[in-house]
Amino acid sequence: MSGTPPELPIVVLDALMPTAQRLVVNRRGSMVWEVESHRGQCAVKVGYPIEATADWPAQPWTALAPAREGAVLHRLGFHDFAYGEWELGTWNFQPWREGPDLYQLWAPCREPGSRIEPHTSVALGCVEALAELHSKGWAHGDVQPAHFIIGPERTHLIDLALARGGHVPEGYDFPFRGCLVHYEAPEIARSVLATGEAEPTPEADIYALGASLLISATGWRIVEYPDDAPRPEQRRAVANGKRRTAKVNGELGELIDAMLCPAPEDRPTIYEIGRAMS
């Protein structure tokens, strides 16, 4: 993929016939485009394998992620999407979700000396989006601030490529090897360290939601480790519970503390969190 400007695969161009297109992301085996077409405004995801480098192991699964997400969307009962294969991997397109993500929206809370407190209504929108997924028997596996899009009418939880909860075609499936360590629950980190894999759970999603709310409101990760630490070192810090004292004031802070309990059985369910915020 290096050395040439990225382009949408021909199969996607044929399906959408874009009138406008903008490359939003191109990193770590994934491209995301914003596309205007006869279907309206679409998000197009294109996957390709990551080749090994001195700093990064080969990751062929990234080529499968867009189709895996498409299969998950199908299992969840969505209809306004499509997915398939191209010469280097897979692709999907789905409706573009307009709005800032959680971290962007709460930026004023993180300004030095800011007296602006995070709105519980925004947190509740994130809770409701995750609760909808959990109610269908799925765990997201990759909850993070960038995956909550705060729209004008509702909050959308996006990026379902790592979700678990139902059948995914074998040709598009791959093991769960953890997510961004900032939001990884201790039990997930321990499993990945021990076996290289883990199983996403609603309880781990709750931890990730708490970590997402905390970092978006305060700018601080709950677990302390150097920003440039290797990923195994980060995971060991999470597994060992090396925590900061970062906290959000008020009732929201108490709920976030509960979500970040080290033991999964001690965390509230998404429905208990929703009732406490309502």
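Residues numbered from 1 in each chain as written. Predicted model: local features only at pLDDT ≥ 70, side-chain atom pairs only at ≥ 80, totals over all residues. Heavy atoms only, no water.

(A) The arrangement of the sheet that holds strand β1 (residues 20–27) in detail. Taken together, the five strands give an open sheet; going across it, the order is β1-β2-β3-β5-β4, and neighbouring strands pair in antiparallel fashion. Among the strands making up the open sheet, the edge pair consists of β1 and β4 (82–86). Ignoring strand direction, the axes of neighbouring strands in this sheet form an average angle of 20°. Note that β1 and strand β2 (residues 30–37) share seven bridges and pair antiparallel. Bridge assignment links V25 to a residue of β2, and that residue is V32. Sheet strands in contact with helix α2 (residues 65–75) are β3 (40–47), β4 and β5 (89–95), and its direction is about 45° off that of β5. (Pairing = 2+ DSSP bridges. Helix = DSSP H or I, 4+ residues; strand = E, 2+ residues; numbered from the N terminus. Axes fitted to C-alpha atoms, helices over the stretch in contact; angles between N-to-C directions. Contact = heavy atoms within 4.5 Å.)

(B) Geometry of the packing of aromatic side chains. Summed over all chains, the structure comprises four aromatic pairs. Arranged with centres 5.1 Å apart and planes meeting at 35°, the rings of W61 and F174 form a pair that is tilted. Separated by 113 residues along the polypeptide, W61 in the loop between β3 and α2 and F174 in the loop between β7 (155–157) and α5 (186–195) bring together distant segments of the chain. Owing to a relative accessible area of 6%, F174 belongs among the buried residues under this scheme. Measuring from ring centre to ring centre gives 6.3 Å for F81 and Y83, while their planes differ by 5°; the resulting arrangement is stacked. Of the residues examined, F81 reaches a relative accessible area of 13% and is grouped as buried. (Phe/Tyr/Trp six-rings, centres within 6.5 Å; stacked < 30°, edge-to-face > 60°. Buried < 20%, exposed > 50% of the residue type's maximum accessible area, 1.4 Å probe, protein only.)

(C) Main features of the pattern of salt bridges. Here the structure, examined in full by the defined rule, presents nine salt bridges. A salt bridge links D257 to K247, with the nearest nitrogen and oxygen atoms 2.3 Å apart. One end of the pair, D257, is in helix α8 (residues 250–259); the other, K247, is in the loop between α7 (231–240) and α8, with ten residues separating them in the sequence. A relative accessible area of 35% places D257 in the partly exposed class. The exposure class of K247 is partly exposed, given its relative accessible area of 44%. (Salt bridge = Lys/Arg side-chain N within 4 Å of Asp/Glu carboxyl O.)

(D) Inspection of α2 at higher detail. The buried count for α2 comes to nine of eleven residues, which makes it a mostly enclosed element. Those residues of α2 lying buried are A65, P66, A67, R68, E69, G70, A71, V72 and L73. The secondary structure elements touched by the buried residues of α2 are β3, β4 and β5. A positive backbone phi angle near 90° is found at G77, which sits one or two residues after α2.

(E) Representation of the packing of α5 against α7 within the structure. Here α5 crosses α7 at 135°, and the two axes come no closer than 8 Å. When the axis of α5 is compared with that of α7, the two are oblique. The two elements α5 and α7 meet at a crossing, and its hand is left-handed. Here P186, A189, R190, V192 and L193 of α5 come into contact with α7, specifically with P232, R235, R236, V238 and A239. For the contact of α5 with α7, the class distribution of residues is seven nonpolar, no polar and three charged. (Parallel < 35°, antiparallel > 145°, perpendicular 65-115°, else oblique. Left-handed = near helix turned anticlockwise from the far one by under 90°. Nonpolar A, V, L, I, M, F, W, Y, C, P; charged D, E, K, R; others polar.)

(F) The arrangement of unusual backbone geometry in detail. The residue R28 is not glycine, and still its phi comes out positive at about 45°. Position of R28 among the secondary structure elements: in the loop between β1 and β2. One non-glycine residue, D159, adopts positive backbone phi at about 60°. By the element assignment, D159 lies in the loop between β7 and α5.

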